[in-house]
Amino acid sequence: MALPSKHYNRRCIILIVLMVMRITHTFCATLLAAMLAGCGGGGSSSTSVPSTPANPQQPTVAAPAAYTVAPSSLTASAVEGYPAALDFKVKRAPASPEFAAVGVKPDSDLFEAGFYMRANADGGTDIQIRTSAAIKAGHYAGNLEVSLCLDANCSAQLPGSPFKLPYEVDVVPADGQVKPFSLTPLAALPGAEDWGTFQANASHTGYVPVILNPGAFSPRWKMDTPAIQGEQRVPSAVVTGGGRLFTAYGEGGNGGPVTIAAYNEADGSEAWAGNAKENLSARINAPAYANGKVYVVAGLPNTSSIIAIDSTNGSQVFNTVLGAGALNLAPTIYGDRVFTAGGSDDGNSGALYSIGASAGDRLAANMPNFEGWTPALDTHGLYAYVGGQLHVMDAATGATRAMIDDPKRDWNGPTGSGAPVIGSAGLVFAGNFGSPQKNAISAYDTVSNTVRWSSTGGYSGNPAYADGTVFVANNWTERLAALSELNGSVDWTWPRPDGESFVSDVLLTKNLVFVSTDRATYAIDRSSHQQVWRYRASGSLALSANGILYIKGKTSITAINLH
């Protein structure tokens, strides 16, 4: 909720730039009067002018801004009992005079007394203000008044100063919370299936063959994750099945004991949760789902297991020991087998494991020792992008049929951080998406074992594929692009909003393309190429058989009704 509209004592805070120190608020009537006088006060004057100018009036040219501030609005979250930090940067324009002091005046008692400031080598000044640890759970919004002063007494300021900097702060309970919005009855979305693994299916296309009406979209619920010692737990990418949502906590070895948890799609309530490994240094990867079971790989650096869990009650079905632990994408399920990346038994190389989905029996094949990948499968074989090569393999035996070199390996780096996407007629699209600011995607022809085309860029994650078109989110061009699978030519693009960056894989339906930036999630019409929907939440995306879009942020999961 918004801050209560009541009068707060004004606080004057003046700091000399270029000093790295913490200054407490100073309550000073004289200084406050000086600040107010320099912030737009003073008398007015007028000058008599002829009614008919001697020379024609010249057009007014707007003066350039005397400074820049980034970001233009502040957002933060905190756990109840702990402070949150709001950071911004001010920088004077090259032609403007240097400011001698900075003032920050909050509009409420939400914040601690004082703020932090540091001068940068580029001429900018970093400023941080922190919320009080005493504030209760809730949503708070308001403005900071920032003054850029030409002298220590702030008797003169840069043009345009002071200015208002909006902020929003969410404080969540330590146990987490679920906020309900529109809890309509769940109903299957015809054509949609469970989102069972990374990018939906074994081909990792990110494609759900449904037609959606953006006018019917509405928020369903939002879950803020529980916290450990003031830090909210970070959920893994999510999968869905049987009316439930599944995620893992402690992915990457952080956030306490690794945990697999199930939540009800209907209202976000927890169905069950259990620790996969008790050791604090344990690792856990994102889960996969199929046929009433959840599959997750967890373990330590020198050993790991794939655990099958009954999705209805959280009980263990089997636990199959694998080799050395590794941080990879969710297992890929194809037929009656579960395929997952990992480390070899001796820890000297990587491995690809094939696990019986029911009994847990295992087969293994050695692979290059890299993390961040999962294989793709279809009726023709298995494909794994590892170590700067696309490995084409026999799914039944693990035998390698071909290895096709990535022509952009030197550009990409050899690691994985992505999954192959299976197109048509033997084409497979892959690349290393571990560095979203510099990477490449290549189209591999697995019939001729050659590379059809490649495209460098700054792709935020895995592409999506359907109908002969590859959909990519490119931070270099600042555009979502539809590429021809045949030659990589651009069919159409959609420009991302200014000042935003793509952060997600691409999710695709018959008529819409979903993509997330660091500010919001968008739906783009595939026919008009125009934005038709926006929601202010960002993160990885999934779409369930019940027509619920999930936006998995760093410490939250937002559910959106799509029908």
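Residues numbered from 1 in each chain as written. Predicted model: local features only at pLDDT ≥ 70, side-chain atom pairs only at ≥ 80, totals over all residues. Heavy atoms only, no water.

### Some thoughts on the overall build of the chain
(1) Moving on: Helix and strand counts for the chain come out as 2 helices and 47 strands.
(2) Moving on: Buried positions account for 52% of the 563 residues belonging to the chain.
(3) Moving on: Accessible surface for the chain amounts to roughly 23,900 Å². Of this, 51% is attributable to carbon and sulfur atoms. (Helix = DSSP H or I, 4+ residues; strand = E, 2+ residues; numbered from the N terminus. Buried < 20%, exposed > 50% of the residue type's maximum accessible area, 1.4 Å probe, protein only. Areas by Shrake-Rupley, 256 points an atom, 1.4 Å probe, with all protein chains shown as cover.)

### Comments concerning unusual backbone geometry
(1) Moving on: Cis geometry is adopted by the peptide bond preceding P71, which originates at A70 and carries an omega value of -5 degrees.
(2) Moving on: By secondary structure assignment, the location of P71 is in the loop between β3 (67-70) and β4 (74-79).
(3) Moving on: Not every positive phi belongs to a glycine, and H204 is a case in point at roughly 55 degrees.
(4) Moving on: Here H204 is to be found in the loop between β11 (177-180) and β12 (207-208).
(5) Moving on: The phi dihedral of N291 falls on the positive side, at around 50 degrees, and the residue is not glycine.
(6) Moving on: With respect to the element layout, N291 can be found in the loop between β21 (288-290) and β22 (293-300).

### Observations regarding the confidence of the model for the chain
(1) Moving on: This prediction gives the chain a mean pLDDT of 86; 85% of its residues lie at or above 70.
(2) Moving on: Contacts for the low-pLDDT stretch residues 1-63, under 50 throughout, to residues beyond four places or in other chains number 93 contacts. (pLDDT = per-residue confidence, 0-100. Contact = heavy atoms within 4.5 Å.)

### Brief notes about the environment of Y459
(1) Moving on: When you line up the elements, Y459 lands in the loop between β36 (450-457) and β37 (464-466).
(2) Moving on: Overall, the relative accessible area of 3% leaves Y459 in the buried class.

### Details of the pattern of salt bridges
(1) Moving on: Considering all chains together, one arrives at 14 salt bridges under this definition.
(2) Moving on: One salt bridge in this structure joins D122 and K89, with 2.5 Å as the shortest N-O distance. Separated by 33 residues along the polypeptide, D122 in the loop between β7 (115-119) and β8 (124-130) and K89 in strand β5 (residues 85-92) bring together distant segments of the chain.
(3) Moving on: Given a relative accessible area of 25%, K89 falls into the partly exposed group.
(4) Moving on: With its nearest N and O atoms 3.4 Å apart, the salt bridge here joins D126 to R118.
(5) Moving on: What you see here is one network of salt bridges that share partners, running through K105, E145 and K164. (Salt bridge = Lys/Arg side-chain N within 4 Å of Asp/Glu carboxyl O.)

### A few points about the layout of surface pockets
Over the atoms a probe the size of a water molecule is rolled, and this reveals where empty space is left.
(1) Moving on: By volume, the largest pocket is sized at about 1,400 Å³.
(2) Moving on: Of all the secondary-structure elements, those providing two or more residues to the lining of the largest pocket are β4, β10 (163-172), β13 (218-224), β15 (231-232), β44 (531-535) and β47 (556-561).
(3) Moving on: In this structure, the second largest pocket occupies an estimated 830 Å³ of space.
(4) Moving on: Forming the boundary of the second largest pocket are 41 residues, of which F198, L329, V503, D505 and S540 lie nearest the centre.
(5) Moving on: Of the residues belonging to the lining of the second largest pocket, the class tally is 17 nonpolar, 20 polar and 4 charged. (1 Å grid on protein atoms, 1.4 Å probe; cavity = no way out; pocket = protein on both sides within 12 Å on 5 of 7 lines; lining within 4 Å. Points joined across faces, edges and corners; volume = space filled by probe spheres on them. Nonpolar A, V, L, I, M, F, W, Y, C, P; charged D, E, K, R; others polar.)

### Considerations on the sheet that holds strand β25 (residues 332-334)
(1) Moving on: The strand order across the open sheet formed by 4 strands is β25-β26-β27-β28, and the pairing between neighbours is antiparallel. In the strand order of this sheet, the two ends are held by β25 and β28 (362-367), each with one partner. Geometrically, the sheet is characterised by an average inter-axis angle of 25 degrees between neighbouring strands, direction not taken into account.
(2) Moving on: By the bridge criterion, 3 bridges tie β25 to strand β26 (residues 337-343) in an arrangement that is antiparallel. Looking at β26, one finds that I333 is bridged to V338. (Pairing = 2+ DSSP bridges. Axes fitted to C-alpha atoms, helices over the stretch in contact; angles between N-to-C directions.)

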